[in-house]
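Examining the three-dimensional arrangement
Take a look at the letters that make up each chain.
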Amino acid sequence: MKPYVIAGLAVVGSLLTIAMVFTSGWNLPPAESSQLGYRGVGLVETVDKGGNAATVAANMAPEPIYPYEPIADEPLAKADANLPSGYCHNLENLADDSLYTKVVSRRMIQMTQHINVDWTDHVADTGVTCYTCHRGQNVPAEIWFSGDGPKGAKGMAGYRGEGQNVAGVNVGLTSLNYDPFTPLLLEDGQIRVATGSALPAGANTSIQLTERTYSLMIHMSEGLGVNCAYCHNSRNFADWGQSSPARMTAWHGIQMVRDLNNEYLVPLGTTLPENRLGPAGDAPKAYCTTCHNGVNKPLNGTKMVEDFPSLRPAN
């Protein structure tokens, strides 16, 4: 049979298959599109409404807890011991700081206040509470440790290089660097894809840095449930003038996470017991998914701090 006949039959077969699929009742999933950037730049986010429903449901904020009214003229540290639990408090002496959980909890409250007061460029007036990260658990589900990569093969097949060649869950199951977080969300690493000048005039990036940046961007995409166009214009990823306003919000988010990891979370490594530390003995740290958990606005944008004014004290 002649090649063009074979090609023709292949095309006919493909068309018949498509026709059979559509006539059998199969339809594209319901999609919803929204314009994210300035008009005319094509920054459109399209989501699968059906597949997104489960993620939205998982991020519903709980009803606010009725505020505790302290007894008049009674120091809070001597309040009714039936109210606090023994997880953080010595119930014989609520002022006692011997339990590490109480020391850590106090520092987390201070961190939450710091976010709500000093990082409004990222959290705006929505704010965060303990629930934003913890979701009813004593340890947030989404945390990371330095060098905590998946296990791989031994020998040459197990070469990791720049933390590659394994499918990292936190970076979209890609084989890119599975720990872009230490250099980029803990250290002040360079987040860049392309150099601003041609070789050999002094290029300031490399393939390794580019792949590390892509790894972080994939993590952000997965963590926020968005695609690249949520922040970037695909015709020029680097140009801020063609990006959506969300890119600036994300930039502040990266700076915020670096701040929180260095000023609040890493120092707790000397307070936490060994079973709360990572394989390298470091404290658990935060990244984008810790708060966002698959949606672009944590807890679907619920204004969490409104019901807890003490978590946003006046300057």
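In case you missed it, the structure is sitting above this.
This report concerns the structure included in the present document. (Residues numbered from 1 in each chain as written. Predicted model: local features only at pLDDT ≥ 70, side-chain atom pairs only at ≥ 80, totals over all residues. Heavy atoms only, no water.)

Comments concerning the pattern of salt bridges
Close approach of charged atoms lets side chains of opposite charge pair. In this structure the tally under the stated criterion is five salt bridges. Across the pair lysine 303 and aspartate 125 runs a salt bridge, and its minimum N-O distance is 3.2 Å. A residue pair is termed long-range when its members are at least 10 positions apart, and lysine 303 in the segment after helix H9 (288-292) and aspartate 125 in the loop between helix H4 (120-123) and helix H5 (130-134) qualify at 178 residues. Between lysine 285 and aspartate 282 there is a salt bridge whose closest N-O contact spans 2.4 Å. Among the charged side chains, a network of salt bridges with common partners joins Asp97, Lys102 and Arg106. (Salt bridge = Lys/Arg side-chain N within 4 Å of Asp/Glu carboxyl O. Helix = DSSP H or I, 4+ residues; strand = E, 2+ residues; numbered from the N terminus.)

Looking at the state of the cysteines
Counted by the stated rule, this structure contains zero disulfides. Cysteine 291 takes part in no disulfide bond, and the closest cysteine sulfur, belonging to cysteine 133, lies 3.3 Å away. (Disulfide = S-S within 2.5 Å.)

A word on helix H3 (residues 100-118)
For H3, with 19 residues, the first-to-last C-alpha span of 26 Å sits near the 27 Å given by 1.5 Å per residue. Of all the positions in H3, only Thr101, Lys102, Val104, Met108, Met111, Thr112, His114, Ile115, Asn116 and Val117 are classed as buried. Its buried side turned inward, H3 meets H4 and helix H8 (246-265). (Expected span 1.5 Å × (residues − 1). Buried < 20%, exposed > 50% of the residue type's maximum accessible area, 1.4 Å probe, protein only. Contact = heavy atoms within 4.5 Å.)

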